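So the chains spell out like this:
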Amino acid sequence: MTLSSLPSIRPSVLTYPLALWLLMAVVAVANGVFRELVLIPRIGEYAGHVVSTALLVGAILLVAGVYFGRTPIEYTRAELLLVGAVWTVLTVGFEFLVGYLEGTPVSETLAQYDVLAGQVWILVPLTLLFAPLLFGWVLGK
């Protein structure tokens, strides 16, 4: 495969999805506050984590579904994958940055991704990665 055969990606297609990621970041922070103040005191640490993750995944799917279902922009598959990759990198980077600023050890942040230990947080970055492709290409046809 040569460079000329790679799909072309228009830089402008990231403008609205980046703004959308900011909205999702605000929703994620609000979800975290809700988890800490409401869910965990009522249902416990692990159940609160699971419910909070499910709520955030649902919110991401809703926001992505509304945007990609209504946008007049025609995204290519490569552009949709790029949007998902950018959303994922921004989210994981934001999570590690906040952890660093709070003094949380990297090992503790990484532990949130340990599926074998019962952690379900990995569903959030996976949803961010694939939601644009799901709504923009698979369901958008």
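Keep in mind that what you see is a predicted model, and the values were worked out from it rather than measured.

## Some details on the overall build of the protein
Argument step 1. Assigned secondary structure in the protein consists of five helices and zero strands.
Argument step 2. Starting at the N terminus, the α and β elements of the protein follow one another as α-α-α-α-α.
Argument step 3. When its C-alpha atoms are laid out on the principal axes, the protein stretches across 50 × 30 × 25 Å.
Argument step 4. Taken over 141 residues, the protein has a buried fraction of 33%.
Argument step 5. Within the structure as shown, the protein displays about 8,600 Å² of accessible surface, and the carbon and sulfur contribution to it stands at 72%.
Argument step 6. If the 6 positive side-chain charges of the protein are averaged to one point and the 8 negative ones to another, these points end up 16 Å apart.

## Some thoughts on helix H1 (residues 15-43)
Argument step 1. Look at H1: 39 Å from first C-alpha to last across 29 residues, which is about the 42 Å you get at 1.5 Å a residue.
Argument step 2. When the local axis directions of H1 are compared, the greatest deviation, roughly 45 degrees, occurs at Arg 35.
Argument step 3. Within the span of H1, buried status applies to Pro 17, Leu 20, Trp 21, Met 24, Ala 25, Asn 31, Gly 32, Leu 39 and Ile 40.
Argument step 4. Packing partners of the buried residues in H1 comprise helix H2 (45-70), helix H3 (77-102) and helix H5 (123-138).
Argument step 5. Two residues or fewer past H1, Gly 44 is found with a positive phi of approximately 100 degrees.

## Concerning the nonpolar core
Argument step 1. Residues Phe 68, Tyr 75, Trp 87 and Val 124 are the most contacted members of the largest nonpolar core, which totals 24 residues.
Argument step 2. Those elements that place two or more of their residues in this core are H1, H2, H3 and H5.
Argument step 3. Top contributing element to this core by residue count: H2, with seven residues.
Argument step 4. Apart from the residues within four sequence positions on either side, Phe 68 is in contact with Tyr 75, Leu 80, Val 83, Trp 87, Pro 132, Phe 135 and Gly 136.

## Let's talk about the packing of aromatic side chains
Argument step 1. Applying the stated criterion to the full structure yields five aromatic pairs.
Argument step 2. Relative to Phe 68, the ring of Tyr 67 has its centre 4.8 Å away and its plane inclined at 75 degrees; by these criteria the two rings are edge-to-face.
Argument step 3. Using a relative accessible area of 14% as the deciding quantity, one classes Tyr 67 as buried.
Argument step 4. We classify Phe 68 as buried; its relative accessible area is 7%.
Argument step 5. Their ring planes at 65 degrees and their centres at 6.4 Å tell us that Tyr 67 and Tyr 75 sit as a pair that is edge-to-face.

Here is what the cut-offs are and how they apply
- Residues numbered from 1 in each chain as written.
- Predicted model: local features only at pLDDT ≥ 70, side-chain atom pairs only at ≥ 80, totals over all residues.
- Heavy atoms only, no water.
- Helix = DSSP H or I, 4+ residues; strand = E, 2+ residues; numbered from the N terminus.
- Buried < 20%, exposed > 50% of the residue type's maximum accessible area, 1.4 Å probe, protein only.
- Areas by Shrake-Rupley, 256 points an atom, 1.4 Å probe, with all protein chains shown as cover.
- Lys, Arg positive; Asp, Glu negative; His and termini not counted.
- Charge placed at Lys NZ, Arg CZ, Asp CG, Glu CD.
- Expected span 1.5 Å × (residues − 1).
- Bend = angle between axes of the 7 residues up to and from the residue.
- Contact = heavy atoms within 4.5 Å.
- Core = buried A, V, L, I, M, F, W, Y, C linked by side-chain atoms within 4.5 Å.
- Phe/Tyr/Trp six-rings, centres within 6.5 Å; stacked < 30°, edge-to-face > 60°.

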